[in-house]
Amino acid sequence: MTTARQLSAPVPPGGMIGILGGGQLGRMLALAAARLGLKAHIFSDVAEAPAFQVSDRHTVAAYDDRAALIDFAAHCDAITYEFENVPARTAAVLAGLKPTYPGARALAVAQDRLEEKTFLKSLGLGTAPFAAVSSVEEARAAFAALGSGPAVLKTRRLGYDGKGQAKVTSANDAAQAFEHFHGAASILESFVDFAFEASVIGARGIAGDFAAYDPPENQHEHHILKRSIVPGKLTGAEGDEAKAIARKVTEALGYVGVIGVELFVTAAGGLLVNEYAPRVHNSGHWTLDACAVSQFEQHIRCVAGWPLGDTARHSDAVMENILGEEAAGWQKLSASGGALHLYGKADIRPGRKMGHITFLSPRPRPR
Ligand code: AMP
């Protein structure tokens with residue numbers, strides 16, 4: 001195995017940041033890089049990716065196209081990605097050529113729900129009770145082991161926004177859901193009757209320093225994030241506890257970059273970690289308009305070896321995702337007084353993230 005390259009000095013203005021993935025997150029990362037005088041080179045397997053519109057260079061190739069990856073790395077000073085399902089081999093090839101952040105371990109753990117939950121538990125963090133499922137018999141046994149309450153069967157790999165998930169209320173249900181997933185290795189988790197959902201957008205710099213934004217409260221509709229509210233209900237000591245969780249996760253992973261840690265908050269105020277995203281996160285989009293340094297710039301700073309920026313919030317914020325057909329109402333949205341962000345996607349599809357809008361109220365709170 002080749003050793004992962006590390007930055008020996010910050011990437012200076014004019015330098016090139018490679019970004020794997022060309023969706024809206026890549027686009028907003030490229031824009032943030034541009035603000036710092038850095039350039040972005042996007043690598044995507046999609047011919048017309050939204051991030052291409054705002055970047056200096058792009059490559060269209062499959063993520064396992066070794067020659068294309070080598071050529072891409074040759075143009076970059078440091079590399080990152082905007083999605084967590086980057087194939088491990090792709091990440092390994094790039095990391096052997098140029099500093100690539102976050103590192104391989106952060107990716108590998110996040111790509112497998114069983115490994116992820118086991119890792120979180122090993123840090124002493126609260127999670128929903130869970131059990132591994134790799135056969136119909138295990139599906140039944142796992143349901144019994146978790147007690148008789150409702151549970152959620154999730155495929156270990158490649159699930160997002162509720163895909164590859166089924167709520168089950170009996171051992172038979174669990175067995176059927178497992179078959180419905182064509183026997184894909186899965187985990188069964190207890191269904192958490194949470195009071196609300198929240199997240200922490202944290203950042204760990206190359207020197208091991210850490211900073212986090214105030215935790216948003218997140219509201220989902222049809223398993224997709226609809227709204228993030230800051231300040232949400234997770235404030236004061238509970239907010240600090242949430243930030244400490246993100247810090248612990250990043251330290252254990254030797255992480256460099258922005259991380260999104262998703263939390264369930266129980267009625268009793270307990271914090272359970274659902275999962276972490278080794279990248280910038282939808283629930284951090286409000287930072288573009290409510291903070292001097294957004295999550296996107298923060299991530300670029302980390303990847304380029306620059307000091308962390310200030311995470312202070314100068315305004316309260318409500319961020320709403322613009323999903324599918326809602327984008328057709330762009331004229332009304334543009335006159336609504338909110339900070340409108342559209343992602344340059346040509347095709348509207350149901351549930352597709354087309355943009356977001358953030359409403360600010362200028363009420364900075366004492367920290
Ligand atoms: P995930 O793909 O794990 O982020 O799940 C997507 C959404 O499904 C979460 O944001 C929750 O709203 C819901 N969800 C996932 N797991 C559970 C659980 N164990 N209990 C209750 N709701 C869940």
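Since this is a predicted model, take the numbers as computed values, not measurements.

Rules used throughout
- Residues numbered from 1 in each chain as written.
- Predicted model: local features only at pLDDT ≥ 70, side-chain atom pairs only at ≥ 80, totals over all residues.
- Heavy atoms only, no water.
- Helix = DSSP H or I, 4+ residues; strand = E, 2+ residues; numbered from the N terminus.
- Rg over C-alpha atoms; globule rule 2.2 N^0.38 Å.
- Buried < 20%, exposed > 50% of the residue type's maximum accessible area, 1.4 Å probe, protein only.
- Contact = heavy atoms within 4.5 Å.
- Areas by Shrake-Rupley, 256 points an atom, 1.4 Å probe, with all protein chains shown as cover.
- Lys, Arg positive; Asp, Glu negative; His and termini not counted.
- Charge placed at Lys NZ, Arg CZ, Asp CG, Glu CD.
- 1 Å grid on protein atoms, 1.4 Å probe; cavity = no way out; pocket = protein on both sides within 12 Å on 5 of 7 lines; lining within 4 Å.
- Points joined across faces, edges and corners; volume = space filled by probe spheres on them.
- Nonpolar A, V, L, I, M, F, W, Y, C, P; charged D, E, K, R; others polar.
- Domains from an automatic or database assignment.
- Buried area = accessible area lost by both parts, 1.4 Å probe.
- Salt bridge = Lys/Arg side-chain N within 4 Å of Asp/Glu carboxyl O.
- Pairing = 2+ DSSP bridges.
- Axes fitted to C-alpha atoms, helices over the stretch in contact; angles between N-to-C directions.

The next thing to look at is the overall build of the chain. Broken down by element type, the chain carries 11 helices and 17 strands. Here the chain has a C-alpha radius of gyration of 20 Å; the compact-globule value for 367 residues is 21 Å, and the two agree. Taken along the three principal axes of its C-alpha coordinates, the chain extends 60 × 50 × 40 Å. Split into buried and exposed, the 367 residues of the chain put 55% on the buried side. For the chain, the share of sequence-separated contacts (at least 6 apart) that also reach a separation of at least 24 residues comes to 64%. Surface summary for the chain: the accessible area is close to 15700 Å², and the carbon and sulfur share equals 53%. Counting 36 positive and 38 negative side-chain charges, the chain places the centres of these two groups 3 Å from one another.

Its volume calculated, the second largest pocket comes out at about 510 Å³. Around the second largest pocket, the lining comprises 30 residues; the ones closest to its centre are Ala4, Ala91, Ala92, Ala95 and Ala104. Secondary-structure elements contributing two or more residues to the lining of the second largest pocket are helix H2 (66–74), helix H3 (88–97) and helix H4 (104–110). A per-element tally of the lining of the second largest pocket places H3 first, with 8 residues. Class assignment of the residues belonging to the lining of the second largest pocket gives a composition of 19 nonpolar, 7 polar and 4 charged. Mapping the lining of the second largest pocket onto the domain boundaries places at least three of its residues in each of domain 1 (16–100) and domain 3 (196–362).

A few words on the environment of Val192. With respect to the secondary-structure elements, Val192 resides in the loop between strand S8 (186–190) and strand S9 (196–204). The class for Val192 is buried, based on a relative accessible area of 13%. Placed 74 residues apart in sequence, Val192 and Thr266 show a C-alpha to C-alpha distance of 7.9 Å.

This part is about the domain arrangement of the chain. Partitioning the chain into domains gives domain 1 (16–100), domain 2 (129–190) and domain 3 (196–362). Taking only C-alpha atoms into account, the centre of domain 1 sits 22 Å from that of domain 3. Across the interface of domain 1 and domain 3, roughly 1900 Å² is buried in total on both sides, 69% from carbon and sulfur atoms. In terms of surface lost to domain 3, no three residues of domain 1 exceed Gln24, Met28 and Leu36, which account for 30% of the buried area on that side. Taken together, the links from domain 1 to domain 3 amount to 2 salt bridges. Residues Glu297 and Arg35 are paired through a salt bridge, measuring 2.7 Å at the closest nitrogen-oxygen approach.

So, about the sheet that holds strand S3 (residues 57–60). Taken in spatial order, the 4 strands make up an open sheet running S3-S2-S1-S4, and their pairing is parallel. What marks the edges here is a single partner per strand, and that holds for S3 and strand S4 (78–81). Neighbour-to-neighbour, the strand axes of the sheet open up by a mean angle of 20°, direction not taken into account. Bridging between strand S2 (residues 39–44) and S3 involves 4 bridges; their strand directions are parallel. Bridge pairing links Ile42 to His58 in S3. Where H2 meets the sheet, its contacts fall on strand S1 (16–20), S2, S3 and S4, and the angle it forms with S2 comes to roughly 175°.

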